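# Breakdown of the fold
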Amino acid sequence: PMMKELFGLNQLERDLESCLNLKKVIIVPGDSDQSDWVKKEMGRACARFLRKIAEPDQVIAVSGGSTMLAVAEMMMPSSAFKSTMFVPARGGVGEAVELEANYIASLMAKKTKGHYRMMHVPDQVSDQAYQTLLREPHIQEVLESLKRAHIVIHGIGNAMTMAVRRKSSQAVLDKLQREQAVGESFGYYFNRNGEIVYRVQSLGLKLDDLANAKNIIAVAGGSSKAEAIRAISTKVSRDILITDEGAAKAILSLE
Ligand code: F6P
């Protein structure tokens, strides 16, 4: 808290809460676009916050990405975590394994001495494969636990960055450009008004599932993610945002 006052971040947090209409904003100093340790600090802030709000016998759904990985690396055991089930929000996304929600859920369980489930499915599947996988008992179990998630923690990315990272087709890239997609989360791509303009056909958490969650926590920083964070906060992540000073200032200066 002392550090925050020093950096004037408390006021910035209140300003961003009212600008994005969120219940709570936590800001760490710096800009993760500039230095890697800022992402680690966001991870630490999220891990600490989770430890505070976690209750026994809960399901925590987690998405993938390097920011979620930073959260996982900072997690520590607690009595509530001992009976917590960490569940990946999605299958694989064609990214590096350590950025997959599966790996991150398992790492969180390992760090906290909790439990986890896996969802061994590719993220981008054909219609036919999708229908078949949906009938798998193992998959149904994971999807059921996602619907019951008390806490959802997720990353936010820039639309184009994510489409390229997932090696999406030229047709998809063109569509995102045409629709002026700015942000991505859970495989949904949003324009600046927070409208869904494209969705990756994949198994995992649906936006409707979020209605049941008590706490939805977005963790994303770096001034380059300002538009993406703003777009997604309006519709999806209506609760808690953990971000950095770079993103916070950039969001507030968007017109
Ligand atoms: O691919 C999973 C995911 O959580 C995306 O939904 C999100 O856009 C991205 O990762 C964020 O990744 P990073 O934290 O590495 O920027």
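Calculation rules
- Residues numbered from 1 in each chain as written.
- Predicted model: local features only at pLDDT ≥ 70, side-chain atom pairs only at ≥ 80, totals over all residues.
- Heavy atoms only, no water.
- Helix = DSSP H or I, 4+ residues; strand = E, 2+ residues; numbered from the N terminus.
- Rg over C-alpha atoms; globule rule 2.2 N^0.38 Å.
- Contact = heavy atoms within 4.5 Å.
- Areas by Shrake-Rupley, 256 points an atom, 1.4 Å probe, with all protein chains shown as cover.
- Lys, Arg positive; Asp, Glu negative; His and termini not counted.
- Charge placed at Lys NZ, Arg CZ, Asp CG, Glu CD.
- Near = heavy atom within 4 Å.
- Polar contact = N/O pair within 3.5 Å; in protein donor to acceptor, adjacent residues only side chain to side chain.
- Nonpolar A, V, L, I, M, F, W, Y, C, P; charged D, E, K, R; others polar.
- Pairing = 2+ DSSP bridges.
- Axes fitted to C-alpha atoms, helices over the stretch in contact; angles between N-to-C directions.
- Buried < 20%, exposed > 50% of the residue type's maximum accessible area, 1.4 Å probe, protein only.
- Parallel < 35°, antiparallel > 145°, perpendicular 65-115°, else oblique.
- Left-handed = near helix turned anticlockwise from the far one by under 90°.
- pLDDT = per-residue confidence, 0-100.
- Phe/Tyr/Trp six-rings, centres within 6.5 Å; stacked < 30°, edge-to-face > 60°.

What follows covers the overall build of the protein. The helix and strand tally for the protein stands at 11 helices and 11 strands. Scaling as 2.2 N^0.38, a compact globule of 255 residues should have a C-alpha radius of gyration of about 18 Å, and the protein matches this with 17 Å. With the C-alpha coordinates of the protein rotated into their principal frame, the extents come out at 55 × 50 × 30 Å. Put simply, of all contacts in the protein between residues at least 6 apart along the chain, 71% involve residues at least 24 apart. About 11600 Å² of surface is accessible on the protein, with carbon and sulfur atoms providing 52% of the total. Counting 33 positive and 30 negative side-chain charges, the protein places the centres of these two groups 4 Å from one another.

With that settled, the discussion passes to unusual backbone geometry. Excluding glycine, residues mostly have negative phi values, and the peptide bonds linking residues are mostly trans. A positive phi angle is found at aspartate 57, which is not glycine, with a value near 60°. Topologically, aspartate 57 is positioned in the loop between α3 (36-53) and β2 (59-62).

Near the ligand there are 15 residues, and of these Gly64, Ser66, Thr67, Glu184 and Lys225 occur at the shortest range. In the model, an oxygen atom of the ligand is placed 2.6 Å from a nitrogen or oxygen of the glycine 64 main chain. One of the side-chain N or O atoms of arginine 165 is found 3.0 Å from an oxygen atom in the ligand. With the chains in place, 94% of the 400 Å² that the ligand exposes on its own is no longer accessible. Among the secondary structure elements, those contributing two or more residues to the shell around the ligand are α4 (66-74), α8 (159-165) and β7 (181-185). Considered class by class, the residues forming the shell around the ligand number 3 nonpolar, 7 polar and 5 charged.

Okay, the sheet that holds strand β4 (residues 115-116) next. The pairing of strands in a sheet happens through backbone hydrogen bonds and is either parallel or antiparallel. Read from one edge of the open sheet, 7 strands run β1-β11-β10-β5-β2-β3-β4, paired in parallel fashion. At either end of the open sheet lies a strand with only one pairing partner, and these are β1 (24-28) and β4. Of the pairings in the sheet, the one linking β2 to strand β5 (residues 151-155) comprises 3 bridges and is parallel in character. Bridged to isoleucine 60 within β5 is isoleucine 151. Contacts from helix α11 (residues 245-252) reach β1 and β11 (240-244) within the one sheet, and its direction differs from that of β11 by about 105°.

Of note, leucine 16 is situated in helix α2 (residues 9-20). On the accessibility criterion, leucine 16 (0% relative accessible area) is buried. Considered as a pair, leucine 16 and alanine 211 are 195 residues apart in the sequence and their alpha carbons are 23 Å apart. Those residues in contact with leucine 16 that sit more than four places away from it in its chain are Asn21, Val25, Ile27, Leu241, Thr243, Ala248, Ile251 and Leu252.

Where α4 contacts helix α5 (residues 101-112), the axes come no closer than 8 Å and their chain directions differ by 15°. Considered as vectors, α4 and α5 are oriented roughly parallel to each other. In the packing of α4 onto α5, the handedness of the crossing is left-handed. Only Tyr103, Ile104, Leu107, Met108 and Lys111 of α5 make contact with α4, whose side of the interface consists of Met68, Leu69, Val71, Ala72 and Glu73. Class assignment for the residues of the contact of α4 with α5 results in 8 nonpolar, no polar and 2 charged.

Glancing now at the confidence of the model for the protein. A residue-level look at the protein finds 96% of positions with pLDDT of 70 or above and a mean pLDDT of 92. Confidence estimates for the predicted assembly give a pTM of 0.95 and an ipTM of 0.99.

The description of an aromatic ring pair uses the distance of the two centres, along with the angle that the planes make with each other. Here the structure, examined in full by the defined rule, presents 2 aromatic pairs. Between phenylalanine 81 and phenylalanine 86, the ring centres sit 6.0 Å apart and the planes meet at 45°, which makes this aromatic pair tilted. According to the relative accessible area criterion, phenylalanine 81 is buried, its value standing at 0%. With 5.9 Å between their ring centres and 45° between their planes, tyrosine 189 and tyrosine 198 make a pair best called tilted. Judged by its relative accessible area of 0%, tyrosine 189 falls in the buried class. The class for tyrosine 198 is partly exposed, based on a relative accessible area of 24%.

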